[in-house]
Amino acid sequence: MTERVVLAYSGGLDTSVAIGWIAEETGAEVVAVAIDCGQGGEDLDVVRQRAVDCGAVEAVVADAKDEFAGEYCIPAIQANALYMDRYPLVSALSRPLIVKHLAEAARYHNATMVGHGCTGKGNDQVRFEAGLAALFPELRVVAPVRDSGMTRDKAIAFAEEKGLPIDVTKKSPYSIDQNLFGRAVETGFLEDIWNGPIEDVYAYTDNPAEQREPDELVVTFTAGVPTAVDGKELSPLQVVEEMNRRAGAQGVGRIDMVEDRLVGIKSREVYEAPGAMALIAAHQELEAVTVERDLARFKRGVDQRWGELVYDGLWFSPLKQSLDVFVGEANRHVTGDIRMVLHGGRAVVTGRRSEASLYDYDLATYDTGDTYDQSMARGFIDVWSMPAKISNLRDRKHS
Ligand code: ARG
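Residues numbered from 1 in each chain as written. Predicted model: local features only at pLDDT ≥ 70, side-chain atom pairs only at ≥ 80, totals over all residues. Heavy atoms only, no water.

- With an unreviewed UniProt entry as reference, the chain is termed Argininosuccinate synthase, source organism Streptomonospora litoralis.
- Turning to the chain, the UniProt record has this under Pathway (unreviewed entry): "Amino-acid biosynthesis; L-arginine biosynthesis; L-arginine from L-ornithine and carbamoyl phosphate: step 2/3." (UniProt positions renumbered as here; feature names shortened; annotations may be inferred.)

1. Topic: unusual backbone geometry
Piece 1. The phi angle at Thr 187 is positive, at roughly 70 degrees, despite the residue not being glycine.
Piece 2. Looking at where Thr 187 falls in the secondary structure, it is placed in the loop between strand S7 (182-186) and strand S8 (215-222).
Piece 3. Taking the relative accessible area as the measure of exposure, Thr 187 reaches 24% and is therefore partly exposed. (Helix = DSSP H or I, 4+ residues; strand = E, 2+ residues; numbered from the N terminus. Buried < 20%, exposed > 50% of the residue type's maximum accessible area, 1.4 Å probe, protein only.)

2. Side note on the pairing of S8
Piece 1. In the sheet, S8 pairs with strand S13 (residues 336-343) via 7 bridges, with the strands oriented antiparallel. Pairing of Thr 220 across the sheet is with Asp 337, part of S13.
Piece 2. Sheet analysis places S8 next to strand S9 (residues 225-229), joined by 4 bridges and oriented antiparallel. Its bridge partner being in S9, Thr 220 is matched across the sheet by Ala 228.
Piece 3. Counting the residues that bridge the hairpin from S8 to S9 gives 2 residues, and of these Ala 223 lies at a positive phi of roughly 50 degrees. (Pairing = 2+ DSSP bridges.)

3. Side note on the sheet that holds strand S6 (residues 175-179)
Piece 1. Judged by pairing direction, the sheet is antiparallel, and its 4 strands sit side by side in the order S6-S7-S12-S11 without closing on themselves. Pairing within the sheet leaves two strands with one partner each, and these edge strands are S6 and strand S11 (254-260). Adjacent strand axes in the sheet meet at a mean angle of 20 degrees, parallel and antiparallel pairs treated alike. (Axes fitted to C-alpha atoms, helices over the stretch in contact; angles between N-to-C directions.)

4. Looking at the UniProt feature "binding site: ATP" (unreviewed entry) in the chain
Piece 1. Under the local residue numbering, the UniProt record ascribes the feature "binding site: ATP" (unreviewed entry) to Ala 8, Tyr 9, Ser 10, Gly 11, Gly 12, Leu 13, Asp 14, Thr 15, Ser 16 and Gly 117. Maximum C-alpha separation among the annotated residues is 12.9 Å over a sequence range of 110 residues, consistent with a single clustered spot.
Piece 2. As for its position among the elements, Ser 10 is in the loop between strand S1 (4-8) and helix H1 (13-26).
Piece 3. At 3.1 Å, the side chain of Ser 10 forms a polar contact with the backbone nitrogen of Gly 12.
Piece 4. Tracing the backbone through its elements, the reader meets Gly 117 in the loop between strand S4 (113-115) and helix H5 (124-135).
Piece 5. What Gly 117 contacts, discounting residues up to four positions off in sequence, is Thr 15 and Val 145. (Polar contact = N/O pair within 3.5 Å; in protein donor to acceptor, adjacent residues only side chain to side chain. Contact = heavy atoms within 4.5 Å.)

5. Considerations on the site of the ligand
Piece 1. In the vicinity of the ligand lie 13 residues, with Tyr 87, Asn 123, Arg 127, Glu 186 and Glu 259 positioned nearest.
Piece 2. Between the ligand and the protein, one listed contact pairs an oxygen atom with a side-chain N or O atom of Arg 127 at 2.9 Å.
Piece 3. Between a nitrogen atom of the ligand and a side-chain N or O atom of Tyr 271, the distance comes to 3.2 Å.
Piece 4. For the ligand, whose free accessible area comes to 350 Å², the fraction covered by protein is 88%.
Piece 5. Those elements giving two or more residues to the shell around the ligand turn out to be helix H4 (90-108), H5, S6, S7 and strand S12 (266-272).
Piece 6. The residue inventory of the shell around the ligand, partitioned by class, reads 4 nonpolar, 3 polar and 6 charged. (Near = heavy atom within 4 Å. Areas by Shrake-Rupley, 256 points an atom, 1.4 Å probe, with all protein chains shown as cover. Nonpolar A, V, L, I, M, F, W, Y, C, P; charged D, E, K, R; others polar.)

6. Things to note about the packing of helix H10 (residues 293-311) against helix H11 (residues 318-330)
Piece 1. One way to put it is that H10 packs onto H11 with a least axis distance of 10 Å and a crossing angle of 140 degrees. Seen from above, H10 lies across H11 with left-handed handedness. Facing H10, whose interface residues are Leu 295, Phe 298, Lys 299, Val 302, Asp 303, Arg 305, Trp 306, Leu 309 and Val 310, H11 presents Leu 319, Lys 320, Leu 323, Asp 324, Phe 326, Val 327 and Ala 330.
Piece 2. In the contact of H10 with H11, the residues fall into 11 nonpolar, no polar and 5 charged. (Left-handed = near helix turned anticlockwise from the far one by under 90°.)

7. Here we look at the UniProt feature "domain: Arginosuccinate synthase C-terminal" (unreviewed entry) in the chain
Piece 1. Here the UniProt feature "domain: Arginosuccinate synthase C-terminal" (unreviewed entry) sits at residues 174-390.
Piece 2. Secondary structure content for residues 174-390 is 38% helix and 25% strand, while the C-alpha to C-alpha distance between its ends is 61 Å.

8. Some points on the packing of aromatic side chains
Piece 1. Within this structure, the stated rule accounts for 10 aromatic pairs.
Piece 2. Judged by centre distance (3.6 Å) and plane angle (5 degrees), the ring pair of Tyr 83 and Tyr 311 falls under stacked. In this pair, Tyr 83 sits in the loop between helix H3 (65-78) and H4 while Tyr 311 sits in helix H10, placing the two residues 228 residues apart along the sequence.
Piece 3. Overall, Tyr 83 belongs to the buried group, its relative accessible area being 11%.
Piece 4. Taking relative accessible area as the criterion, Tyr 311 reaches 0% and is therefore assigned buried.
Piece 5. Put simply, the rings of Phe 68, Tyr 72, Trp 306 and Trp 315 pair up and form one aromatic cluster.
Piece 6. We note Arg 254 situated over the ring of Tyr 202; from NZ or CZ to the ring centre the distance is 3.6 Å. (Phe/Tyr/Trp six-rings, centres within 6.5 Å; stacked < 30°, edge-to-face > 60°. Lys NZ or Arg CZ within 6 Å of the ring centre and 35° of its normal.)

9. Some details on the pairing of S13
Piece 1. Relative to strand S14 (residues 346-353), S13 runs antiparallel, the two sharing 7 bridges. Note that in S14 the partner of Leu 342 across the bridge is Ala 347.
Piece 2. Following S13, the chain reverses through 2 residues before pairing antiparallel with S14; Gly 344 in that reversal takes a positive phi of roughly 55 degrees.

10. A short note on H1
Piece 1. With 14 residues, H1 extends 20 Å between its outermost C-alpha atoms, agreeing within 8% with the 20 Å of an ideal straight helix rising 1.5 Å per residue.
Piece 2. Along H1, the helix axis deviates most sharply at Ile 19, where the bend reaches about 30 degrees. (Expected span 1.5 Å × (residues − 1). Bend = angle between axes of the 7 residues up to and from the residue.)

11. Focus: the pattern of salt bridges
Piece 1. Inspection of the entire model under this criterion finds 35 salt bridges.
Piece 2. Across the salt bridge formed by Arg 95 and Asp 124, the nearest N and O atoms sit 2.9 Å from each other. Of this pair, Arg 95 sits in helix H4 while Asp 124 sits in helix H5; the two residues are 29 residues apart in sequence, bridging distant segments of the chain. Like Asp 124, Arg 95 is buried.
Piece 3. Here the salt bridges do not stand alone but share partners, grouping Asp 215, Asp 230, Glu 242, Arg 245 and Arg 246 into one network. (Salt bridge = Lys/Arg side-chain N within 4 Å of Asp/Glu carboxyl O.)

Below, the structure written as structure tokens:
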């Protein structure tokens, strides 16, 4: 029986050419798998037809937007996930979702191989292959761009020679990856890290420098999950879409950074993630009100590690799974409302309200009627400072 390859298919030039390229290279049949994680653009039926026209024996297309929002974006919000304190993991979150669908398609279509169009310089090759190693380790990997010289020029020549139905002239100066949670832009003039991004780079956000009225809104969370905006109940997908729209209109969530890739390269990345950045800011603030101090301190370390594991392609790893349990548990009381003002590229929290609040007005107030017994503080500080005091005495004796 002819072997089969499941190919992570985007509908673009590289993966369209990869269908025929892989078929020629391996003698196998290619099953194209295209996953919609909210990247917008083309209709899935158009993508499916193109895969077939390019020689795929089957084309699996799936609208996975709700799954992506609920099972990938929401956990990232609960973990306040920002790689290097800045990047909300946009691409890193979608890869494990695609991997899951590839593994399912591979089982269904009896594939023995999996293909992707990644280069050898990025994180995404690692995320695909490490993810598949965790879900379906028997699959062999074919990566024509990385391993068999499928350069851009050769891909165009291949497409022309075979008469593939793809527009090879539509070449963007940037490498772009986008989904529901945000947009990543690399290469072109951005590779000179002294060059500032121009307006042309952005698509999810309006220019924050333009004059406009501020937008005030209230986000409601239930156990760390954003469940409503301005009192209107929304699904995870709808919340992220609504926040992308409103925060994007105020220029919130533009990020220009030099990033440490897993493969050791530093790279210039421009991101825009309006909904993600506003929702993480709101979530963090509600945690500040509802999570006990020690748990909150510990969680900050867990959050950072969670983000690094996801960035590094270890979504399905045992450590990441265990941290998920911790993050979920730590979010148990993160329920309530956050009011924020979106304006001039910033999402600023201006109010918090929660039934599960640990903020006690009577303890905190400096007005009369407070319930905090200040005389307790003195004894506490004596005991707290004891080790420092003892070492000071020792140091003076021995110096
Ligand atoms: N550097 C980011 C990451 O590793 C974005 C990668 C985007 N991919 C792309 N093909 N432009 O998550």
